[in-house]
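Inside the fold
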Amino acid sequence: MSKTKLILVGGFLAAGKTTMLNALAGRLSGRGFTVGLITNDQAADLVDTAILTCTGVEVREVSGSCFCCNFPGFMKAVESLIDAGCDLIVAEPVGSCTDLSATILQPVKDMFADLDLAPLTVLVDPVRLKEALELVPSLTHPDALYIVKRQLEEADRILLNKADTLTAAQVEEELGLLKQNFSAPAAAVSALQGDGVDAWLDEILSGGSAGAHITEVDYDRYAHGEAVLGWLNAAIELTGSADTDWNAFAEKLLASLRDAFRADNAEIGHVKLSLTCGDRAVLGNVGAIGGQVNMRGETGVKGASAVMTLNARVQMSPEALQKAVEAILPETASAFGVSASIKNLKCLMPGRPNPTYRYQTVI
Ligand SMILES: Nc1nc2c(ncn2[C@@H]2O[C@H](COP(=O)(O)OP(=O)(O)O)[C@@H](O)[C@H]2O)c(=O)[nH]1
Ligand SMILES: [Mg+2]
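These figures come from a predicted structure and were not determined experimentally. (Residues numbered from 1 in each chain as written. Chains lettered and ligands numbered in written order. Predicted model: local features only at pLDDT ≥ 70, side-chain atom pairs only at ≥ 80, totals over all residues.)

**As for the overall build of the protein chain**
When helices and strands are counted, the protein chain shows 11 helices and 14 strands. Computed over its C-alpha atoms, the radius of gyration of the protein chain comes to 20 Å, within 12% of the 21 Å expected for a compact globule of 363 residues. When its C-alpha atoms are laid out on the principal axes, the protein chain stretches across 60 × 45 × 40 Å. (Helix = DSSP H or I, 4+ residues; strand = E, 2+ residues; numbered from the N terminus. Rg over C-alpha atoms; globule rule 2.2 N^0.38 Å.)

Here it is, written out as structure tokens:
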């Protein structure tokens, strides 16, 4: 029996991991694989899971802890996908996680010989790369940028994502920066439009070492880089009228949240939502206080009620983040004649990373 392939796609918050998994589901199914996807978060009610479930492939969510701090939970998700018939699994670790080579890849190689582990691929956003290398000013905390650098250092492959937003000269410049600063081979891709994705897949599916480097990580800086972010997941029921415009509502809510965080100078890791009205879905995302609101999913979504999942990772205390959401949600709702009822809300500061395993040497 051939081994099950396992691909980890890492990268900081909003680098484009979920967009990549979304693109991979169709591509890999087209190549004859039975694909399974795994999402990961510190709490339940994850927008990424809602997005990826729409691909129609099997999805598992590991929530309540990152993969590295809950290795058994991660392996349980892998085994459950294998039991469901999957022969290729793609997993997205939490964006603020690093040290995956020591905490996930080495233990998998050591203890799960029946898995065929692909090279660790790390996505990076072009702006975030320049911030991490201190080439442009940044509101992102230096300890959060420390995590971005460690992610790139431990990668087996680096993908400069969002190449569709860059000119050819800018792509060359960014690839040059990656080459100067990190050892892994780098290529430019657009997870959103597909450019470069098949070439990268051909390469990682044909072999190559996985977890070739273990990088030095200062766990105090790493823990602080995570702790500067407030982390909010909420499930919300919305009641309007037959002609409530849910696309406009979602866009306005994201814009109002972004404006409130901007007024506080609190940089956004990401703020995203999925809203379903009957069998129709609206998706939205904003990745920086200076950024645009991006809307995806269906248009013209109207109806009397909807269910929304909201996720926000913002550089502020969990208390302040929760307060902001609890103020802006009813304000936006009332402007649309909607009543909003929060069914579940978790707001936290990620705890100190305490990995199940941490290998010192490459297996
Ligand atoms: N222009 C462009 N935007 C992208 C690309 N990949 C992701 N994005 C956008 O970046 C934002 C964050 O993407 P997401 O996949 O949720 O990132 P994650 O946090 O790493 O999972 C979303 O608004 C995506 O639409 C890309 O290749 N090009
Ligand atoms: Mg994601």
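**Section: the environment of glutamate 172**
Along the chain, glutamate 172 falls in helix α7 (residues 168-181). For the pair glutamate 172 and aspartate 218, spaced 46 residues apart in sequence, the C-alpha separation works out to 31 Å.

**Regarding helix α6 (residues 142-154)**
With 13 residues, α6 extends 19 Å from end C-alpha to end C-alpha; this agrees with the ideal 18 Å at 1.5 Å per step. Buried within α6 we find Ala144, Ile147, Val148, Arg150, Gln151, Leu152, Glu153 and Glu154. Packed against the buried residues of α6 are β1 (4-11), α4 (100-111), β6 (121-124), α5 (126-132), β7 (157-160) and α9 (219-227). (Expected span 1.5 Å × (residues − 1). Buried ≥ 20, exposed ≤ 12 C-beta atoms within 10 Å, placed from the backbone. Contact = placed C-beta atoms within 7 Å.)

**As for the site of ligand 1**
Near ligand 1 there are 21 residues, and of these Gly16, Lys17, Thr18, Thr19 and Leu192 occur at the shortest range. Grouping the amino acids of the shell around ligand 1 by side-chain chemistry returns five nonpolar, 12 polar and four charged. Each of two domains, domain 1 (4-225) and domain 2 (229-348), supplies a minimum of three residues to the shell around ligand 1. (Near = placed C-beta within 6 Å. Nonpolar A, V, L, I, M, F, W, Y, C, P; charged D, E, K, R; others polar. Domains from an automatic or database assignment.)

**Some words on the domain arrangement of the protein chain**
In terms of domains, the protein chain is made up of domain 1 (4-225) and domain 2 (229-348). A separation of 26 Å is found between the C-alpha centroids of domain 1 and domain 2. Contact residues are listed per partner, giving 16 residues for domain 1 and 22 residues for domain 2. Split by residue class, the side of domain 1 that touches domain 2 holds 10 nonpolar, five polar and one charged.

**A few points about unusual backbone geometry**
Of note in the backbone geometry, alanine 14 takes a positive phi value of approximately 70° without being a glycine. Structurally, alanine 14 can be placed in the loop between β1 and α1 (17-30). One non-glycine residue with positive phi stands out, namely lysine 162, at about 65°. By secondary structure assignment, the location of lysine 162 is in the loop between β7 and α7.

**Comments concerning the environment of alanine 144**
Relative to the assigned elements, alanine 144 resides in helix α6. Given 26 C-beta atoms within a 10 Å radius, alanine 144 is considered buried. Spatially, the C-alpha atoms of alanine 144 and phenylalanine 74 are 24 Å apart, while their sequence positions differ by 70 residues. In this view, alanine 144 contacts Gly225 and Val228; residues no more than four positions away in its chain are not counted.

**Overview of α9**
Among the residues of α9, Tyr222, Gly225 and Glu226 are the ones counted as buried. Taken down its axis, α9 places every buried residue within 95° of arc, on the same side. Against the buried residues of α9 lie α6. (Arc of directions from axis to C-beta.)

**What to know about the environment of valine 338**
Within the secondary structure, valine 338 sits in the loop between α11 (318-335) and β14 (339-348). Its 20 C-beta neighbours within 10 Å are what place valine 338 among the buried residues. Between the C-alpha atoms of valine 338 and glycine 290, which are 48 residues apart in sequence, the distance is 28 Å. Apart from residues no more than four positions distant in its own chain, valine 338 is found in contact with Leu238, Thr239, Gly240, Thr244, Phe249 and Ala333.

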